[in-house]
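Commentary on secondary and tertiary structure
Chain residues, written in single-letter form:
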Amino acid sequence: MSETTLLATASNIVYDDLTFSASGNNNNNSSPQQEQQRAPDGSMMLTLNSQTSDVFSNPTFPSSRLSIPNTYIPSLASLPGTSTVVAATTSENEHENGVWTVDLTNARLVQRYPCPANGADPATNTITALKAGVDGRTFLTTSRDRAFRLWDVRAAPSSESSFLQITAPRPLLSFDIDGSFLATGTESNSSGASIIFWDTRNPRTPLYQHESTHSDDITTLRFKPTSAPSSNEHAILLSASTDGLICLSNAREQDEDEAGLHVGNWGKSVSRCDWMQDGSGVWSASDMETFATWDGELNPTYDFGDLRTPSIQDTWESNYIIDASWYSASSRLTASSSDFLGIWMGNNNGDFALFNPTSPHSMQVERVFRSNQTLGHSGIVRSVLYHKESRCIITGGEDSLIHIWPSSSNNSTTPTPTASAIINKRLASLDDEGDIMMGTPTPPTSPRRMDDGFLPPPTSTKGKKRKTDDGTLSGDKKRGKQGF
């Protein structure tokens, strides 16, 4: 936009298409008034809130950094009850692909655990998923060399330091484990993609496979937090894929026709997906940087659209979603007394911020993390981890750096006057087939939208999914609940 033009001065200050409105003091018993607003063309508008005097004027800076040359750090995990963090590394050199352990007490790299190299394309031994074991001594990985590995940090740092390895028939992209019950998600091939179930006590052969839940790469597998599967218990598994489907299934049911519970069809490639705090709902992020939430039966609740859209001129602009997670009030990430869903957003300068979706049309900017002259990321941030024990934040980036940040800002946590930036935010419209088309404004007179800008509640897709005469799954299985 050209040189800013001041159109009004008072409690409201309008800069061309950007409005900041002072809302007075904000305390624990009150919040800034949020009003649904529309642009002149009738499209919806999103409110981006920020405690400007605290968040943007005094951002958080890193306290220390570690360098792992010539690598990306795509994922991080913390070993429970310890000061140890594990960081996955990827590189154009296959010998650099592996996991490093990091000691937060002294902010130092401890040991490297390499993935076995096969002398071929370095992408073949790239780690695709990382998770910490519950015992504080182990971590688990899947990789494109078709292997699931369970590593022991007490073992010597060599390619033999994994004391359990399971080899699948094709590259693995995702996994989750509960006790000895393991679910792994594969890359797709000409026959589709599979969820393969294993008993880690007998890893030679899989227990069974679900081969028609998804038709493309399976990017996420998560057991429901409240489930505690045993041989006779019902274990609910959340799965998501680049085919656009988000599914809930009974992982303990071998017959896939009987296993399906609910399906949500987002209509876009799902890059990340996870449960809300108590398993009552699900959040999802796409490869197109869009974000949505769903209820426990995968009925869509809110579609926030492209999260790169909300911005504050000359102050903050988001370029990509890093990750999201549910945080408790005790995390000290915010001054709030409530638990919240935190969305980590980054920009191409290496800065990142924590967003809190407070309503369908409002995002609260809780924290901003910026680089200074000596510390900070110089490029894209690939991973963010909140470490509960030390209450610090660890990040990994494409600049080969790991940074450690204090979770509590040095600034006062006393609530400060809030400003609202109103940014034009067009909701997704639907084509004639019911699929989502992003970026196309919906005419205000569209009969398919309610007065508040949301679509009418979709029909729930429940129960078992059956195969049709042609061998494919029934229509509600393949399409699922239509998104938003």
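Residues numbered from 1 in each chain as written. Predicted model: local features only at pLDDT ≥ 70, side-chain atom pairs only at ≥ 80, totals over all residues. Heavy atoms only, no water.

Right, let's talk about the overall build of the protein chain for a bit. Counting its secondary structure elements, the protein chain contains two helices and 37 strands. In the protein chain, which comprises 484 residues, the proportion classed as buried is 52%. Put simply, 53% of the contacts in the protein chain that link residues at least 6 apart link residues at least 24 apart. On the protein chain, roughly 21100 Å² of surface is accessible, and the fraction owed to carbon and sulfur atoms is 45%. (Helix = DSSP H or I, 4+ residues; strand = E, 2+ residues; numbered from the N terminus. Buried < 20%, exposed > 50% of the residue type's maximum accessible area, 1.4 Å probe, protein only. Contact = heavy atoms within 4.5 Å. Areas by Shrake-Rupley, 256 points an atom, 1.4 Å probe, with all protein chains shown as cover.)

It is worth spelling out the pattern of salt bridges at this point. Per the counting criterion, the structure on display carries 11 salt bridges. In this structure, the salt-bridge partner of Arg144 is Glu187, at a minimum N-O distance of 2.4 Å. Linking Arg144 in the loop between strand 10 (138-143) and strand 11 (147-152) with Glu187 in the loop between strand 14 (181-186) and strand 15 (195-199), this pair joins segments that are 43 residues apart in sequence. Judged by relative accessible area, which is 23%, Glu187 ranks as partly exposed. A salt bridge links Asp351 to Arg370, with the nearest nitrogen and oxygen atoms 3.1 Å apart. Pair noted here: Asp351 is in the loop between strand 28 (340-346) and strand 29 (352-359) and Arg370 is in the loop between strand 30 (362-369) and strand 31 (381-387), with a separation of 19 residues, a long-range link. (Salt bridge = Lys/Arg side-chain N within 4 Å of Asp/Glu carboxyl O.)

Across all of its chains, the model carries 19 aromatic pairs by this definition. Here the aromatic rings of Tyr327 and Phe340 are separated by 5.9 Å at their centres, their planes lie at 40 degrees, and the arrangement is tilted. Placement of the pair is Tyr327 in strand 27 (residues 320-327) and Phe340 in strand 28, with a sequence separation of 13 residues. By relative accessible area, which is 4% here, Phe340 ends up buried. Taken together, a centroid distance of 6.1 Å and an interplanar angle of 85 degrees make the contact between Tyr327 and Tyr386 edge-to-face. With Tyr327 in strand 27 and Tyr386 in strand 31, this residue pair connects regions lying 59 residues apart in the sequence. Feature note: the residues Tyr327, Phe340, Trp344, Phe352, Phe369, Tyr386 and Trp405 constitute an aromatic cluster, connected by ring pairs. In this structure, Arg252 is placed above the aromatic ring of Phe181, and the distance from its NZ or CZ to the ring centre is 3.8 Å. (Phe/Tyr/Trp six-rings, centres within 6.5 Å; stacked < 30°, edge-to-face > 60°. Lys NZ or Arg CZ within 6 Å of the ring centre and 35° of its normal.)

Pairing is antiparallel in the open sheet, where four strands are placed in the order 21-22-23-24. Every interior strand has two partners, whereas the edge strands, strand 21 (270-275) and strand 24 (300-306), have only one. On average, adjacent strands in this sheet sit at an angle of 15 degrees to one another, irrespective of strand direction. As defined by bridge partners, strand 23 (residues 290-295) adjoins strand 24 across five bridges and the pair is classed as antiparallel. When the bridges of strand 24 are listed, Ala292 appears paired with Asp303. (Pairing = 2+ DSSP bridges. Axes fitted to C-alpha atoms, helices over the stretch in contact; angles between N-to-C directions.)

Glancing now at the environment of Ile195. By the element assignment, Ile195 lies in strand 15. Residues Ile195 and Thr213, spaced 18 residues apart in sequence, show a C-alpha to C-alpha distance of 7.9 Å. In contact with Ile195, other than residues within four places in its own chain, are Ala183, Thr184, Tyr208, Gln209, His210, Thr213, His214, Ile218, Leu221, Leu237 and Ser239.

The next thing to look at is the pairing of strand 29. The element strand 29 is largely enclosed, with a buried count of six among its eight residues. Taking the residues that link successive antiparallel strands as the turn, the strand 28-strand 29 hairpin has five residues, and the phi of Gly350 there is positive, at about 95 degrees. Counting the residues in the hairpin turn of strand 29 and strand 30 gives two residues.

This paragraph deals with the nonpolar core. Core analysis: the largest hydrophobic core is formed by 17 residues, its most contacted members being Trp283, Phe291, Leu307, Ile321, Ile343 and Phe355. When contributions to this core are tallied by element, the ones reaching two or more residues are strand 22 (281-286), strand 27, strand 28, strand 29 and strand 30. (Core = buried A, V, L, I, M, F, W, Y, C linked by side-chain atoms within 4.5 Å.)

Across the sheet, four strands lie side by side as 13-14-15-16; this open sheet has antiparallel pairing. At either margin of the open sheet sits one strand with a lone partner, and together these are strand 13 (172-178) and strand 16 (208-210). Neighbour-to-neighbour, the strand axes of this sheet turn through a mean angle of 20 degrees, independent of strand direction. Bridge count for strand 15 against strand 16 is three bridges, and the pairing is antiparallel. Pairing of Ile195 across the sheet is with His210, part of strand 16.

Let us look at the side chain of Thr290. Residue position: Thr290 is located in strand 23. On the basis of relative accessibility, which here comes to 2%, the residue Thr290 falls in the buried class. Of note is the side chain of Thr290, whose polar atom sits 2.5 Å from the side chain of Ser286. (Polar contact = N/O pair within 3.5 Å; in protein donor to acceptor, adjacent residues only side chain to side chain.)

What follows covers the pairing of strand 5 (residues 72-78). In this sheet, strand 6 (residues 84-90) lies alongside strand 5 in antiparallel orientation, the contact comprising five bridges. If you follow Ser78 over to strand 6, its bridge partner there is Val85. Taken together, strand 5 and the strand that follows it, strand 6, pair antiparallel across an intervening segment of five residues, in which Gly81 is found at a positive phi of about 75 degrees.

Residue position: Asp152 is located in strand 11. Sequence separation of Asp152 and Gly136 is 16 residues, and the distance between their C-alpha atoms is 9.5 Å. Within the structure, Asp152 has its side chain in polar contact with the side chain of Arg154 (distance 2.8 Å).

Moving on, we come to unusual backbone geometry. Positioned with a positive phi, Arg146 is a non-glycine residue whose angle comes to about 75 degrees. Classification of Arg146 as partly exposed rests on a relative accessible area of 34%. Positive phi, normally seen in glycine, also occurs at Glu289, with a value near 65 degrees. Judged by relative accessible area, which is 15%, Glu289 ranks as buried.

No statement about biological role is implied by the geometric values presented.
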